Amino acid sequence: MATVAIRGVRKFFGQLEVLHSVDVEIDDGEFVILVGPSGCGKTTLLRMIAGLEDVSHGEILIGGRRVNDIAPKARDVAMVFQNYALYPHMTVRQNMSFALRLARRNRAEINQRVERAAEILGLGQLLDRSPRQLSGGQRQRVAMGRALVRDPQVFLFDEPLSNLDAKLRVQMRAEIKELQQRLKTTTVYVTHDQIEAMTMADKIVIMRSGHVEQIGAPLDLYDYPVNQFVAGFLGSPAMNFLEGEIADGAVITADGSRWPLPTTSTGYPTGQKVVYGIRPEHLTLGEAGVPARVQVVEPTGSETQVLLQAGGTTLVAALRERLPAQPGAVLHVTVDATRAHLFDPASGERLSSIFPVSGHKK
Amino acid sequence: MSTTVIIPTPAKAPARPLLPRLLPYLLSLPALIVCIGILVPFFTAAWYSLQRYNLAMPLNREFVWFGQYLDMLTDPDFWATVRVSAVYAASTVGLELLLGLGIALLLRERTRFNNIVSVALLLPLMTAPAIASLMWKLMTNPNFGVLSWLVALFGVHDFRWASAPSSAMFTVVLVDIWVYTPFMMVLLLAGLRSLPQQPFEAARLDGVAGHFVFFRITLPMLAPYIVTATLFRMLDSMQQFDIVYAMTQGGPGDSLMLFQVRAYLDFFQYTNVGTSAALMIVLWALTYALSNVFIKQWLKLRERTHGAA
């Protein structure tokens, strides 16, 4: 158990700067997920924590100890790799016990730790198999088991679920989260999948092209994204964005339709160009509001997603009730103004927090 | 003005033109020719090996079944050939494997320098072995050879290289190593570079010591490549002819009478077709058996190491 601090960390590959002064503080026992599109630097950052990449500038502390110049093995971290990285010529038991055998722990202790990890992960029957006899999910469990037996200060996960099929991914997601809650080991987890980030993390770090965009609890990020990138990255289907201009108490889009200003702020300057953001689940269809032509109706069973032509663009609405409407029908869409956001069209920054009303958290 | 009349095609397809019907046979023709090209000499040799057949005494030609093979078993010259071939194959392949693996490990990182060096190291492989042997013959010439001069600097005077029975094997093995180590190196380098990186990174995090990584991770994962490279070199080395013949013609005395060299001399010097053919058939049987053993090993290893993703 340990805290992890990343302070002013930069990384260069030759001339190319792939991380621009990243700061992240991770509490003891916290489950932190680094998430972002490919090439955002999340895996590089994780590998720097592990010690597989050098730190170009800044410092990384594990448990308050500066580890920049400490070898990976001395950092007391365990990593689970995307491709499992099992030693192919060893059995499951040998794979899991390898690090301990090298450390010359006594046999009884090794056996006890391996058995315990195997029990936690449900690998008891498979200990004498070799990796090639296992399915993808089982191999992933062995890789986790190998990390588990070492009882490290920090767990590092590098996209551990991306090679698994969708159903197994959902199951393993829950298992990893449950495991982490039980063990209370500080965990840093990298993924490009925002659903994994939302469902598993205590704290999400959203990254884009080497910068940290926002850090916070999943629902805080979901409800109060600092910019349009974060707003669009989290949530599926993604947030709707409409370009318009503030005029007499509303945002007017190019086609002339009126969208109510977010009620979380006041004092909006008239005439300012903005991007209006509203999540699919905060749209309702009814008799009043902005006219919208139904393009496609996608029933998922639990909810219905509707593609609408409105405000000069295509909007997605996610409805709990089932919609009898046919494509081509014209309905009216209203928004929940308490959940709408305004973004600066140039910088993408969220504007509504600039004009805050009292009482809402950042 | 004309109208196009569409004639309905008859239900029965017309006879196909000649070419499409012949095409499958034409396409397999090269394989057939190669097959004939391999099998005809092979069976001819097998046939000759069952006969007492000396070109100098054509009237004595006689069918003796396995008589020549049985004669071999009691012929000390034959056993000398087996021993010399085994020593030659084992020492060349063993040393080339060690050297090739060592060099491959040094060149493992894909840097520009390493790539240039690995290409430069391939040059000996591109020289014809017979030419390489002549070059080494010049270098080991007692009067003006650069290597003779070099060993003289170390106080070894009058070292006779390939012309002395005691050092002949050493010298030809040296030439073989010079020519074929790059072959071993390039196969193992390709293997090393294709190994997945993650187990090595996992080992770094697990704090696995360097020699442990090599013996417990690198070598087992590289084993299929090692077996493949060793198989190729082993077969080649057992059938070695050009280096030894160019350097010593199998001498001095009988000290380097490898299978092929003896068979060659039997035929072209002593015109003894029968014994020459019998020797070649024995060599074939040995290489065939050996390659089977190797391929079985290779399949087993490949299954073991390539199972995990």
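Predicted model only: the values in this text are computed from it and were never measured.

1. A word on the overall build of chain B
Logical step 1: A count of helices and strands for chain B gives 13 helices and two strands.
Logical step 2: Against the 2.2 N^0.38 benchmark of 19 Å for 309 residues, chain B shows a C-alpha radius of gyration of 27 Å, more extended than a compact globule.
Logical step 3: Considering only C-alpha atoms, chain B reaches an extent of 105 × 80 × 45 Å along its principal axes.
Logical step 4: Here chain B holds 309 residues, and 28% of them are scored as buried.
Logical step 5: Contacts spanning at least 24 positions in sequence make up 70% of the contacts within chain B whose residues lie at least 6 apart.

2. Side note on the nonpolar core
Logical step 1: One finds I49, M79, L156 and V188 of chain A to be the most contacted residues of the largest nonpolar core, which totals 154 residues.
Logical step 2: Per element, the largest residue contribution to this core is eleven residues, and it comes from helix α8 (residues 165-194) of chain B.
Logical step 3: Split by domain, this core shows at least three residues from each of two domains, domain 1 (4-230) and domain 2 (231-354) of chain A.
Logical step 4: Beyond its immediate stretch of four places on either side in the chain, L156 of chain A contacts L46, I49, A50, V77, M79 and V188 of chain A.

3. Points about the packing of helix α2 (residues 92-102) of chain A against helix α3 (residues 107-121) of chain A
All names here are of chain A.
Logical step 1: At a minimum axis distance of 10 Å, the contact between α2 and α3 shows a crossing angle of 135 degrees. With respect to their mutual orientation, α2 and α3 come out oblique. Handedness of the crossing formed by α2 with α3: right-handed. Listed contacts from α3 to R93, M96, S97, L100 and R101 of α2 are I110, R113, V114 and A117.
Logical step 2: Counted by class, the contact of α2 with α3 contains five nonpolar, one polar and three charged residues.

4. Re the environment of L189 of chain B
Residues and elements named next belong to chain B.
Logical step 1: Take L189: it is sitting in helix α8.
Logical step 2: Residue class for L189 comes out buried when judged on the 23 C-beta atoms lying within 10 Å of it.
Logical step 3: What L189 contacts, discounting residues up to four positions off in sequence, is A104, L107 and S118.

5. Comments concerning the interface of chain B and chain A
Logical step 1: Each side of the interface is counted separately: chain B has 19 residues, and chain A has 22 residues.
Logical step 2: Broken down by element, the side of chain B that touches chain A gets its largest block of residues, seven residues, from helix α9 (residues 198-206) of chain B.
Logical step 3: Split into classes, the residues belonging to the side of chain B that touches chain A amount to eleven nonpolar, four polar and four charged.

6. A few points about the pairing of strand β3 (residues 31-35) of chain A
Residue and element names in this part refer to chain A.
Logical step 1: Most of β3 sits inside the fold, with five of its five residues counted as buried.
Logical step 2: Residues F31, I33 and V35 line one face of β3 and the alternating positions V32 and L34 line the opposite face, and both faces are buried.
Logical step 3: Here β3 pairs with strand β8 (residues 186-191) via five bridges, running parallel. Paired with L34 across the two strands is V190, which belongs to β8.
Logical step 4: Sheet topology note: the β3/strand β9 (residues 203-208) ladder contains four bridges and is parallel. Paired with I33 across the bridge in β9 is I204.

7. Focus: the sheet that holds strand β13 (residues 258-260) of chain A
Residue and element names in this part refer to chain A.
Logical step 1: One open sheet accounts for five strands, arranged β13-β12-β11-β14-β20; its pairing is antiparallel. A strand with exactly one partner marks an edge of an open sheet, and here the two such strands are β13 and β20 (341-343). Neighbour to neighbour, the strand axes of the sheet diverge by 45 degrees on average, direction disregarded.
Logical step 2: Pairing analysis gives six bridges linking strand β11 (residues 240-247) to strand β14 (residues 273-278), with the strands arranged antiparallel. Bridged to E243 within β14 is V275.

Cut-offs and rules
- Residues numbered from 1 in each chain as written.
- Chains lettered and ligands numbered in written order.
- Predicted model: local features only at pLDDT ≥ 70, side-chain atom pairs only at ≥ 80, totals over all residues.
- Helix = DSSP H or I, 4+ residues; strand = E, 2+ residues; numbered from the N terminus.
- Rg over C-alpha atoms; globule rule 2.2 N^0.38 Å.
- Buried ≥ 20, exposed ≤ 12 C-beta atoms within 10 Å, placed from the backbone.
- Contact = placed C-beta atoms within 7 Å.
- Core = buried A, V, L, I, M, F, W, Y, C linked by C-beta atoms within 7 Å.
- Domains from an automatic or database assignment.
- Axes fitted to C-alpha atoms, helices over the stretch in contact; angles between N-to-C directions.
- Parallel < 35°, antiparallel > 145°, perpendicular 65-115°, else oblique.
- Left-handed = near helix turned anticlockwise from the far one by under 90°.
- Nonpolar A, V, L, I, M, F, W, Y, C, P; charged D, E, K, R; others polar.
- Pairing = 2+ DSSP bridges.

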